[in-house]
Amino acid sequence: MLMQKKRAMAQVLIAWELGEAFGHLARCLRLAHGLVARGHGVTLALKDVRLPAGKALAPGITVLPAPLTPQAGAGANPPVNYADVLRVSGFADAREVAARLNAWRGMLTLVRPDVLVADHAPTALLAARLADIPHLSIGNGFAIPPAVSPWPSIRPWETVPDQTLATAETRLDHVLDAAQKALGHARAVRVRDLFGAHDILDTFAELDHYGARPDGRYVGPIVSVPQALRVAWQSREGPKVLAYLRPAVPGFAAILQTLARLDAEVLCIAPGMPPEAAKRFATRRLRIALAPVELPPLLEHADLAVGYGNAGFSTQALLAGVPLAMRPRHVEQALFAHRVEALGAGQLLSGRIDADSVTAVFQELLDNPTYRQAARAFQDRHRHFSSEQAIEQSQFFI
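Read on for a plain summary of the structure. (Residues numbered from 1 in each chain as written. Predicted model: local features only at pLDDT ≥ 70, side-chain atom pairs only at ≥ 80, totals over all residues. Heavy atoms only, no water.)

What about the sheet that holds strand β7 (residues 240-244)?
Here comes step 1: Taking strand neighbours across the sheet as the criterion, the six strands line up as β9-β8-β7-β10-β11-β12 in an open arrangement whose pairing is parallel. Strands at the two margins of the open sheet, each flanked by one partner only, are β9 (286-289) and β12 (346-348). Strand-to-strand twist of the sheet, defined as the mean angle between neighbouring strand axes without regard to direction, takes the value 15°.
Here comes step 2: Across four bridges, strand β8 (residues 265-269) lies against β9 in parallel orientation. Considered in β9, the bridge of Cys 268 is made with Ile 288. (Pairing = 2+ DSSP bridges. Helix = DSSP H or I, 4+ residues; strand = E, 2+ residues; numbered from the N terminus. Axes fitted to C-alpha atoms, helices over the stretch in contact; angles between N-to-C directions.)

What follows is the structure in structure tokens.
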């Protein structure tokens, strides 16, 4: 409760700096509206200031663009832990970090927040720490590394020596040290100093990318979707499959071909898919939606969910007791998919895939009742959860 020591009506700066997809923006927006409803003032510093259709901001919320962070790409050496993720996300060059840090410092001077809430915003966290402004992180786990040393591997399917993990963190600290000294700060703040006991995990412990943390502040997912179409299943009979995929998912075409071959009714939500391509793939039993669709009514009667390890869709499926097939795009999604597999509530589609191998996985998930039982066990454990509850708890911690 960082704001307890401040005035009753506080000014909160919510910062989003890294990461993609709607989840970060949705979390920031819902949190902002909840805080404003309690009488606080909120400034949103966003990586992407384009708001979803139908999302009007409440009075008392100001939107500013976050300082741009260039993405370098992993190259031949994929990141081994969160420190290494930052290395390929704009933290390899001290001069660039110093420039962004200076911009965040200016924003803090402009906004004068009582507390900073960071959604995957490490430079904002560093600026707040240097300015002695109370701060915390909020996220689904991946961008909030646990308090262990060295920070754990994000590639548990490979053998990564502890020394390699420690070196990644040390290398990042050298960059941050040089950036801070360039701006006149003699005492360097280490990257692990930016995270702590106040951080909020908007996930469930068993879905935490790094595994359950004994003292983690788990509030559950802050689920939010843009204005969505209400779509119904066409038939009451036969199995039903709900998919949420993007064209950039590896093997996207093979997965769609498999969905079209299934002896099931299939609805695939595919944001970013060209309309002409959707027409080519669609059949009488495979419908493709290019706009957001209301998920809960569909998941209520679904027998299988197909996604790419995206936490929002996957968690909603599990809360509805629906098993998952997952084809991740990034390492963060792969870690999440491994957590679902560990629950026994789904399978990861890995390696090179074709229609035959994907069909075998889909049929196994549809025919083997143990996956459904595991998903329903998860549903039962969290049957009293609501996203409103997650918002309330988050605001309490802030």
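Here we look at the packing of helix α3 (residues 94-111) against helix α4 (residues 122-130)
Here comes step 1: Where α3 contacts α4, the axes come no closer than 9 Å and their chain directions differ by 60°. The angle between the axes of α3 and α4 places the two elements in the oblique class. Classified by chirality, the crossing of α4 by α3 is right-handed. Facing α3, whose interface residues are Val 97, Arg 100, Leu 101, Trp 104, Arg 105 and Leu 108, α4 presents Thr 123, Ala 124, Leu 126, Ala 127, Ala 128 and Leu 130.
Here comes step 2: Taken together, the residues of the contact of α3 with α4 break down into nine nonpolar, one polar and two charged. (Parallel < 35°, antiparallel > 145°, perpendicular 65-115°, else oblique. Left-handed = near helix turned anticlockwise from the far one by under 90°. Contact = heavy atoms within 4.5 Å. Nonpolar A, V, L, I, M, F, W, Y, C, P; charged D, E, K, R; others polar.)

As for the pattern of salt bridges
Here comes step 1: Following the criterion strictly, the structure yields 19 salt bridges and no others.
Here comes step 2: For the salt bridge of Glu 158 with Arg 155, the shortest nitrogen-to-oxygen distance reads 3.3 Å.
Here comes step 3: The partner of Arg 383 in a salt bridge is Asp 380, and the shortest N-O contact between them spans 3.4 Å.
Here comes step 4: Among the residues examined, Asp 380 registers a relative accessible area of 43% and is labelled partly exposed.
Here comes step 5: Salt bridges linked by common partners bring Arg 27, Asp 119 and Asp 202 together as one network. (Salt bridge = Lys/Arg side-chain N within 4 Å of Asp/Glu carboxyl O. Buried < 20%, exposed > 50% of the residue type's maximum accessible area, 1.4 Å probe, protein only.)

Here's the deal with the pairing of strand β5 (residues 135-139)
Here comes step 1: Here β5 lies mainly inside the structure; five of its five residues are buried.
Here comes step 2: Where burial is concerned, the two faces of β5 agree: the one with His 135, Ser 137 and Gly 139 and the one with Leu 136 and Ile 138 are both buried.
Here comes step 3: Bridge count for strand β4 (residues 115-119) against β5 is three bridges, and the pairing is parallel. Following the sheet pairing, Leu 116 is matched in β5 by His 135.
Here comes step 4: As paired elements, β5 and strand β6 (residues 200-201) share two bridges and run parallel to each other. Within β6, the position partnered with Gly 139 by the bridge is Leu 201.
Here comes step 5: After leaving β5, the chain enters helix α5 (residues 162-182) and then returns to the sheet as β6, a path that is right-handed. (Right-handed = clockwise from strand over helix to strand, strands pointing away.)

Describing the sheet that holds β6
Here comes step 1: Taken in spatial order, the six strands make up an open sheet running β3-β2-β1-β4-β5-β6, and their pairing is parallel. Bordering the open sheet on either side are β3 (61-65) and β6, each of which pairs with just one other strand.

Digging into empty space enclosed by the protein
Here comes step 1: Tallied over the entire structure, the rule returns one cavity of 30 Å³ or more.
Here comes step 2: A volume near 100 Å³ is recorded for the largest cavity.
Here comes step 3: Those elements that provide at least two residues to the lining of the largest cavity are α1 (22-37), β4, α4 and β5.
Here comes step 4: Top contributing element to the lining of the largest cavity by residue count: β5, with three residues.
Here comes step 5: Here the lining of the largest cavity is built from residues that sort into ten nonpolar, five polar and three charged. (1 Å grid on protein atoms, 1.4 Å probe; cavity = no way out; pocket = protein on both sides within 12 Å on 5 of 7 lines; lining within 4 Å. Points joined across faces, edges and corners; volume = space filled by probe spheres on them.)

What about the layout of surface pockets?
Here comes step 1: Of the voids in this model, the second largest pocket is the one considered here, and its volume is about 380 Å³.
Here comes step 2: Pro 145, Pro 146, Ala 147, Gly 196 and Arg 213 are, among the 17 residues lining the second largest pocket, the residues nearest its centre.
Here comes step 3: A class-by-class count of the residues in the lining of the second largest pocket yields ten nonpolar, two polar and five charged.

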